[in-house]
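What the coordinates show
The lines below spell out each chain.
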Amino acid sequence: MYAVLIFDYCITLEAESQWVWHRKWTLVRFILTVSRYLPFLALGMTFTAALRTQYYPGESCVKFGQASSMLHIICVVAAEGLLIFRIYASWTSKRLLAFLLVFPAVCVMGSYILSVNFLNHTNNLPDPGECLFVGGRDSIFQYGTLFLYELVLLCLMLFIRFRRYNSTTGQLQETFFNDSVRYMICIMSASPFSIILNMAPPISWISITSSLQIVIHSVVASRILFNLRQSEEHSRTDPTLAEISDIQFGEGQLSALRPEV
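Residues numbered from 1 in each chain as written. Predicted model: local features only at pLDDT ≥ 70, side-chain atom pairs only at ≥ 80, totals over all residues. Heavy atoms only, no water.

Let us look at the overall build of the protein chain. Regarding its fold elements, the protein chain presents 9 helices and 0 strands. Tracing the protein chain from N to C terminus, the helices and strands come up as α-α-α-α-α-α-α-α-α. Counting only residues that meet the buried cut, the protein chain has 46% of its 261 residues in that class. By sequence separation, contacts in the protein chain at least 24 residues apart represent 78% of the contacts at least 6 residues apart. Roughly 13,600 Å² of accessible area belongs to the protein chain as shown, and the carbon and sulfur atoms make up 66% of that amount. (Helix = DSSP H or I, 4+ residues; strand = E, 2+ residues; numbered from the N terminus. Buried < 20%, exposed > 50% of the residue type's maximum accessible area, 1.4 Å probe, protein only. Contact = heavy atoms within 4.5 Å. Areas by Shrake-Rupley, 256 points an atom, 1.4 Å probe, with all protein chains shown as cover.)

In structure tokens:
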């Protein structure tokens, strides 16, 4: 997983320098930076934990494991935050914004409650006082909730696409909606696979298999932004494309990511 992340970073570094580096710092750019760079630290801590288990078997690493898990969560939340920005930008409704903020919170709370109940009924984890590289199988509820979350947002994105922009055409619009749908399909496809990896292998493998979600979120979220920026620039430089593409977000901006991002 670490190799995949590094490889993708290398082949998209030029796109990042072209579409991100020279722009002002905004909330969206900050979230992008977190989703793109924090996974390196999160995965590094995961593999460090594996080495600590091997060479320091008697050392307590509870706090280290908690910090690593928190970084994993932040990476996923950051990537999903970019998706929320895109959906809201396509339909600037206060009700939609409220739903996009409340629904993820409900999903997280539901996943947490299910995980706690699962742990209360399964007490087969090793003593956390030792540095054991293990994870709980309760992550299946997190992946299941993530699948449901992406499914609802996919339906919402398709509704917006065919309700508001059914009669419009253009490269920018096509890139925006197609990439967003591909992103959600990728996450939905990875979630069942993550559940299988969480249930099937030995418990000592679970912490490694959770890295799959981080890599997919980071890679796909970054590529969507770069593609959107490229399409926006193409629409601006080609008058014919600019005329037929009437997908406008915010104060006359063409994309969900404002020019200063």
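Moving on, there is more to tell.
This part covers the packing of helix α5 (residues 139-164) against helix α6 (residues 171-199). Here α5 crosses α6 at 160 degrees, and the two axes come no closer than 9 Å. Our classification of the angle between α5 and α6 gives roughly antiparallel. For α5 against α6, the interelement crossing comes out left-handed. In terms of residue class, the contact of α5 with α6 is built from 20 nonpolar, 7 polar and 2 charged. (Axes fitted to C-alpha atoms, helices over the stretch in contact; angles between N-to-C directions. Parallel < 35°, antiparallel > 145°, perpendicular 65-115°, else oblique. Left-handed = near helix turned anticlockwise from the far one by under 90°. Nonpolar A, V, L, I, M, F, W, Y, C, P; charged D, E, K, R; others polar.)

Further remarks concern α5. The end-to-end C-alpha distance of α5 is 37 Å, a good match for the 38 Å that 26 residues give at a rise of 1.5 Å each. Every buried residue of α5 is listed here: S139, I140, Y143, T145, L146, Y149, E150, L153, L154, L156, M157 and I160. (Expected span 1.5 Å × (residues − 1).)

As a further point, take the packing of aromatic side chains. With the rule as written, the count across this model stands at 7 aromatic pairs. Relative to F103, the ring of F99 has its centre 5.2 Å away and its plane inclined at 10 degrees; by these criteria the two rings are stacked. Placement of both F99 and F103 in helix α4 (residues 94-121) is noted, with a separation of 4 residues, approximately one turn of the helix. Looking at F99, the relative accessible area reads 33%, which means it is partly exposed. (Phe/Tyr/Trp six-rings, centres within 6.5 Å; stacked < 30°, edge-to-face > 60°.)

This part covers the pattern of salt bridges. Applying the stated criterion across every chain yields a total of 3 salt bridges. Taking the shortest distance from any N to any O, the salt bridge between E16 and R36 comes out at 2.6 Å. Placement of the pair is E16 in helix α1 (residues 2-19) and R36 in helix α2 (residues 27-55), with a sequence separation of 20 residues. Owing to a relative accessible area of 4%, E16 belongs among the buried residues under this scheme. D179 is the salt-bridge partner of R182, the closest N and O atoms lying 3.0 Å from each other. Note that R182 and D179 are positioned in helix α6 at a spacing of 3 residues, about one turn of the helix. (Salt bridge = Lys/Arg side-chain N within 4 Å of Asp/Glu carboxyl O.)

A cluster of nonpolar residues, M70, I73, I74 and V77, forms a patch on the protein surface that exposes about 360 Å² of accessible area. In this fold, I74 is placed in helix α3 (residues 62-90). What makes I74 partly exposed here is its relative accessible area of 34%. (Patch = residues over 30% accessible without salt bridge, like charges linked within 9 Å, V, L, I, M, F, W, Y side chains within 5 Å.)

To continue, consider the nonpolar core. Inside soluble globular proteins, nonpolar side chains tend to come together where they are buried. Counting residues in each nonpolar core, the largest one holds 53 residues, and the members touching the most others are I87, L153 and Y183. If you list the elements that add at least two residues to this core, you get α1, α2, α3, α4, α5, α6 and α8 (211-237). The element best represented in this core is α8, accounting for 11 residues. Look past the residues within four positions of Y183 in its chain and what remains in contact with it is A79, E80, L83, R86, E150, H217, V220, A221 and I224. (Core = buried A, V, L, I, M, F, W, Y, C linked by side-chain atoms within 4.5 Å.)

What follows concerns the confidence of the model for the protein chain. Caution applies to low-pLDDT regions: their predicted coordinates should not be interpreted in detail. Confidence along the protein chain averages 75 in pLDDT terms, with 70% of residues attaining 70 or more. Counting contacts from residues 125-129, a segment whose pLDDT is below 50, to residues more than four positions away or on other chains yields 10 contacts. Low pLDDT, under 50, characterises residues 241-261; the stretch is placed with 63 contacts to residues that sit more than four places away or in other chains. (pLDDT = per-residue confidence, 0-100.)

By the element assignment, L100 lies in helix α4. Its relative accessible area of 2% is what places L100 among the buried residues. Measuring from C-alpha to C-alpha, the distance between L100 and L153 comes to 8.8 Å, with 53 residues separating the pair along the chain. When residues no more than four places from it in sequence are discounted, the contact partners of L100 are I84, I87, Y88, L153 and L156.

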